[in-house]
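Close look at the chain arrangement
The residues making up each chain are set out below.
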Amino acid sequence: MQSSIQHIIANNTFWLSPQRCIYWEEEKALILSDLHFGKTGHFRKNGIAVPQHIYKEDLQRLIEQVVHFNPKKIIAVGDLFHSKENKELELFAKWRNDFHAIDFILVKGNHDILPPSWYEQKNLTVKEGFYQINEFGFVHDPNEFNMAETAVKYSFSGHLHPAVSMKGLGKQQLSFPCFHFTKKNAVLPAFSKFSGHSIIKPKKGDLVFMLVNERIVPL
């Protein structure tokens, strides 16, 4: 697997992982978004035969990133879960118990609809709408965040599941998830591989890092 790529923002070092997350060196924090844990179980409950191994692979990738970076905290910028509780979340509960020493902050997304008591029992710190560390902010939907109303100079978000579209010589067209950095905001790719995506149109000055076969390709 390719190693992470260093990216500097406001004199802070962030490592972009080909496994769809970011490690913040100064805060020893792993940042990720849109894990949608329990989504495959939600589909099966509604009669759609989605194999459970997809969810297990996502959870295993999270374990590998925690072992690799050894973070003191995890910041999930929304949609950690997909819907109501199902049996798949028992695996997350076991994972959380195994890594209970890591602070876990969830900035709630539109899919995070579990009751407050559930988050509390799993030792998750839940933030409604917005979370801030120093001059950096964390919000699920970048379109619902007014930076001018805060002391934040740069924000991290998810929700949009950004991707870029590439055309081949044979007129084929493929799309790949990506990290999208603007001057004031970074949008992370969905951590879950079982998710749709939205094609972005970067503006001049934006930085885009495409994810292809677990490799990071700068555009």
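Everything numeric in this text was worked out from a predicted model, so none of it was measured. (Residues numbered from 1 in each chain as written. Predicted model: local features only at pLDDT ≥ 70, side-chain atom pairs only at ≥ 80, totals over all residues. Heavy atoms only, no water.)

Quick look at the sheet that holds strand 7 (residues 125-127) now. Read across the sheet, seven strands follow the order 1-2-3-4-5-6-7 without closing on themselves; strand pairing throughout is mixed. Here the strands that pair on one side only, and so sit at the sheet edges, are strand 1 (5-9) and strand 7. On average, each strand axis in the sheet is tilted by 25 degrees relative to the strand beside it, whichever way the strands run. In this structure, strand 4 (residues 29-32) lies alongside strand 5 (residues 73-76), joined through four bridges in parallel fashion. Across the sheet, I31 pairs through a bridge with I75, a residue of strand 5. (Pairing = 2+ DSSP bridges. Helix = DSSP H or I, 4+ residues; strand = E, 2+ residues; numbered from the N terminus. Axes fitted to C-alpha atoms, helices over the stretch in contact; angles between N-to-C directions.)

What follows concerns the environment of K204. Structurally, K204 is set in the loop between strand 14 (198-199) and strand 15 (207-212). Residues K204 and T182 lie 22 residues apart in sequence; the distance between their C-alpha atoms is 9.1 Å.

Per-residue confidence for the protein chain gives a mean pLDDT of 85; residues scoring 70 or more make up 86%. Across residues 46-51, where pLDDT falls below 50, the model places seven contacts with residues more than four positions away in sequence or in other chains. (pLDDT = per-residue confidence, 0-100. Contact = heavy atoms within 4.5 Å.)

Looking at chain direction, strand 15 and strand 16 (residues 215-218) are connected through four bridges and run antiparallel. Residue pairing for strand 16: F209 is matched across the bridge by P218.

With that settled, the discussion passes to unusual backbone geometry. Both trends apply: most residues other than glycine have a negative phi, and most peptide bonds are in trans. Although it is not a glycine, N134 sits at a positive phi angle of roughly 55 degrees. Mapped onto the fold, N134 is located in the loop between strand 8 (131-133) and strand 9 (136-138). Owing to a relative accessible area of 59%, N134 belongs among the exposed residues under this scheme. With phi around 50 degrees, H161 is a residue other than glycine that occupies positive phi space. Turning to its location among the elements, H161 is positioned in the loop between strand 10 (154-157) and strand 11 (162-167). (Buried < 20%, exposed > 50% of the residue type's maximum accessible area, 1.4 Å probe, protein only.)

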